[in-house]
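Geometric and topological summary
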Amino acid sequence: MVLGRAVYDNGGYLLLNAGAKIYADTLNTLNIYGVGEIMVRDSRVSDVAVQPLIPPELEAAVTQALRQMITESIGKSTIEDELLREVETTVYSMVRESFPQVVGEVNVTGCLSLEDYHYAHSARSACLAMLIGKICDYDVFELTKLGLSTLMMNLGFVLVPPSALDNPDSLMEKIRQDIPRHPERGGEILQAHTHLGKDVMEAVEQHHERWDGSGFPARLKGEEICQFARIIAIADTYYELVSLRPDRPPYMPHEAAEFIIAYSGALFDPELVKVFTRLVPLYPTGTTVRLNSGEVGIISNANLGHIARPTVRVCAMGRKLKKPYEINLSQAKYQDRMVVEVDPYLPPPED
């Protein structure tokens, strides 16, 4: 196989450039680095453009800046201004380069590395949060603040021993009680950085509040919760679900999206969930799927806005087909077709 897109690890460092050849031992190495998904070239969909919303190198820069800020702040009650400015610069770059006109699909890959989770998770959540904010007509200034709020949401964890975050078997009861306090602690850390504004601190403090009042720390409900925090709640939960956690394997993207939809009006603002369903594909372009008809193919168009109804380029029906054909599941004539399996085996192209 030949790599179709550059691969970065969860710390934001380049592992392989696009065009690199992929062998069995390469896959083993990528697995060690926690890479959960790669994009490979396939002649059957060579005309299909798989456009990421955020260029991988830009997402990597945000992740690296956040990683440096957090690792150098562990155990402290404040953040150095220089480290914070570096994070702000990368967020502004992401807004300036990616959000004047929204093009491409959001990255639905979770983090498969427990060690790097707190950096990669926040960076990807920030991308999704800003995309939702863009559809809500946020300007560049507001998008930057929303992105910063999302990146800072777990800042309160720097005061919690690392073992308490990734090893539930060793948690002492006191530490277990301290973890729900991280939103408030994050807000306290940001108090010294008044230039960020009250809305950023408020979003950090409220990002675990829930629409029905079941969240924490203040059990706010509905529009008592600031909109930044309501957006972050959706983005944070989605990427937590698609990531490996100490107590469970990652959800598939369509499973995580269905969770968000199922709890619309309960945990999440129903109006924002409607925006989410227009933006996040259940079956991203390039994914291999099997239909209930037995047809196996590659998603050639995610058909954003049509829940679970992508366009599939069918490449096999029990055997390889000489000439693939497309089925647009959003059309009425294909209403009897549905996706029943993600990532089934698909024979490689003959060339």
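Cut-offs applied
- Residues numbered from 1 in each chain as written.
- Predicted model: local features only at pLDDT ≥ 70, side-chain atom pairs only at ≥ 80, totals over all residues.
- Heavy atoms only, no water.
- Helix = DSSP H or I, 4+ residues; strand = E, 2+ residues; numbered from the N terminus.
- Expected span 1.5 Å × (residues − 1).
- Buried < 20%, exposed > 50% of the residue type's maximum accessible area, 1.4 Å probe, protein only.
- Contact = heavy atoms within 4.5 Å.
- Pairing = 2+ DSSP bridges.
- Axes fitted to C-alpha atoms, helices over the stretch in contact; angles between N-to-C directions.
- Phe/Tyr/Trp six-rings, centres within 6.5 Å; stacked < 30°, edge-to-face > 60°.
- Lys NZ or Arg CZ within 6 Å of the ring centre and 35° of its normal.

Section: helix H5 (residues 140-151)
Its twelve residues place the ends of H5 16 Å apart at the C-alpha level, agreeing with the 16 Å of an ideal helix rising 1.5 Å per residue. Taking burial as the measure, the twelve residues of H5 include nine buried ones, the bulk of the element. Within H5, the full set of buried residues consists of Leu143, Thr144, Lys145, Leu146, Gly147, Leu148, Ser149, Thr150 and Leu151. Residues of H5 that are buried make contact with helix H2 (56-71), helix H3 (81-98), helix H4 (117-135), helix H9 (198-206) and helix H10 (227-241).

Thoughts on the environment of Val2
On the secondary structure map, Val2 appears in the segment before strand S1 (7-8). Val2 sits 17 residues away from Gly19 along the chain, and the two C-alpha atoms are 5.7 Å apart. Setting aside its immediate chain neighbours within four residues, Val2 contacts Gly19, Ala20, Met39, Val40 and Arg41.

So, the sheet that holds strand S6 (residues 320-328)
An order of S6-S5-S4-S3-S7 is seen for the five strands of this open sheet, with the pairing classed as antiparallel. Since the sheet does not close on itself, it has two edges, and those belong to S6 and strand S7 (339-342), each with one partner. Shown here is a sheet whose adjacent strand axes are inclined to one another by a mean of 35°, direction ignored. Bridge analysis of strand S3 (residues 288-291) against S7 gives three bridges, and the strand direction is antiparallel. Looking at the pairing, Val289 lines up with Val342 of S7.

Some remarks on the packing of aromatic side chains
Two descriptors summarise a pair of aromatic rings, namely the distance from one centre to the other and the angle between the planes of the rings. Enumeration over the complete set of coordinates arrives at four aromatic pairs. Look at Tyr138 and Phe228: their rings are 5.6 Å apart centre to centre, the planes differ by 45°, and that puts the pair in the tilted class. Residue Tyr138 is located in the loop between H4 and H5, and its partner Phe228 is located in helix H10; the two are separated by 90 residues in the primary sequence. For Tyr138, a relative accessible area of 10% puts it in the buried group. Residue classification places Phe228 among the buried residues on the basis of a relative accessible area of 10%. Taken together, the ring pairs in this structure connect Tyr238, Tyr239 and Phe276 into an aromatic cluster. Over the ring of Tyr117 we find Arg245; its NZ or CZ atom is 3.6 Å from the centre of that ring.

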